[in-house]
Amino acid sequence: GSWSRVATGTTGDLWWIATTAGGPTFVAGKSASVLRYDGTSFTRMQTPGLAAHTIFGLWAKSASDVWAVGSISGRNGFVWHYDGASWRDVPVPVSVPAANSVNDSAGFFKVWGDSAGNPWVVGAQGAVLHYNGTAFESVPSGTNQTLFTVHSGGDLVVAVGGSGTGVILERQGDSTFVDRTPAAAGLIQGVAVGAAGLAWASGAGGIMYQRESEQWTRASSAPVP
């Protein structure tokens, strides 16, 4: 019925949230912070990170299977996994695109699991990773633009992002990623995939796109105040 402010016990920026059926809820952000909410209070969890680690994305398959992704000082992406007892650092492929001339690797921004519960990870320089049940593999995205968000439903995976212009990439099953970006699309930062291949994407200027029949079209909406 309404929103109320809840004290977290931290003042650092919080970037993302992941819920599990029946609880708990996990929230994460700046300075390697992961907070666990049990329905009453927040507890800061011990993580492998330091102050320079920022967690931008979380995804929870269950209370004992949680994934976190982020970057160290805006580059050098990392992936952590929580197994119900502790957080640990998960190796990422050496083929992750470089972020700069000194070969720092690209940062990661979001993570989401597929229908089998294996996470997809996206980030800067078009970086895409997929967990095969044992280890992460680099997956060609066909772009070097920043990918901000990834989401999936059924066998459809959609990654969105951009810089000056937007990008929407799709992967169906085991196929390669295909660029489905509508003409003249601006920066796209959010996406949600629903049932039967329906999906929505949101971006700069209050623009929304809707996916139907494998096509993305701009959704009509009232002007943003």
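Residues numbered from 1 in each chain as written. Predicted model: local features only at pLDDT ≥ 70, side-chain atom pairs only at ≥ 80, totals over all residues. Heavy atoms only, no water.

Caption draft 1: Molecular detail of the sheet that holds strand β4 (residues 42–44). One open sheet holds the four strands; their spatial order is β1-β2-β3-β4, and the pairing between them is antiparallel. For this open sheet the edge positions go to β1 (14–19) and β4, each flanked by a neighbour on one side alone. On average, each strand axis in the sheet is tilted by 25 degrees relative to the strand beside it, whichever way the strands run. Here three bridges tie strand β3 (residues 34–37) to β4, and the two strands are oriented antiparallel to one another. Pairing of Tyr37 across the sheet is with Phe42, part of β4. (Pairing = 2+ DSSP bridges. Helix = DSSP H or I, 4+ residues; strand = E, 2+ residues; numbered from the N terminus. Axes fitted to C-alpha atoms, helices over the stretch in contact; angles between N-to-C directions.)

Caption draft 2: Summary view of the sheet that holds strand β19 (residues 208–212). The strand order across the open sheet formed by four strands is β17-β18-β19-β20, and the pairing between neighbours is antiparallel. Because the sheet does not close on itself, it has two edges, and the strands there are β17 (188–193) and β20 (215–218). Mean inter-strand twist for the sheet, computed between neighbouring axes without regard to direction, equals 20 degrees. Relative to strand β18 (residues 199–203), β17 runs antiparallel, the two sharing five bridges. Note on β18: the bridge partner recorded for Gly190 is Ser202.

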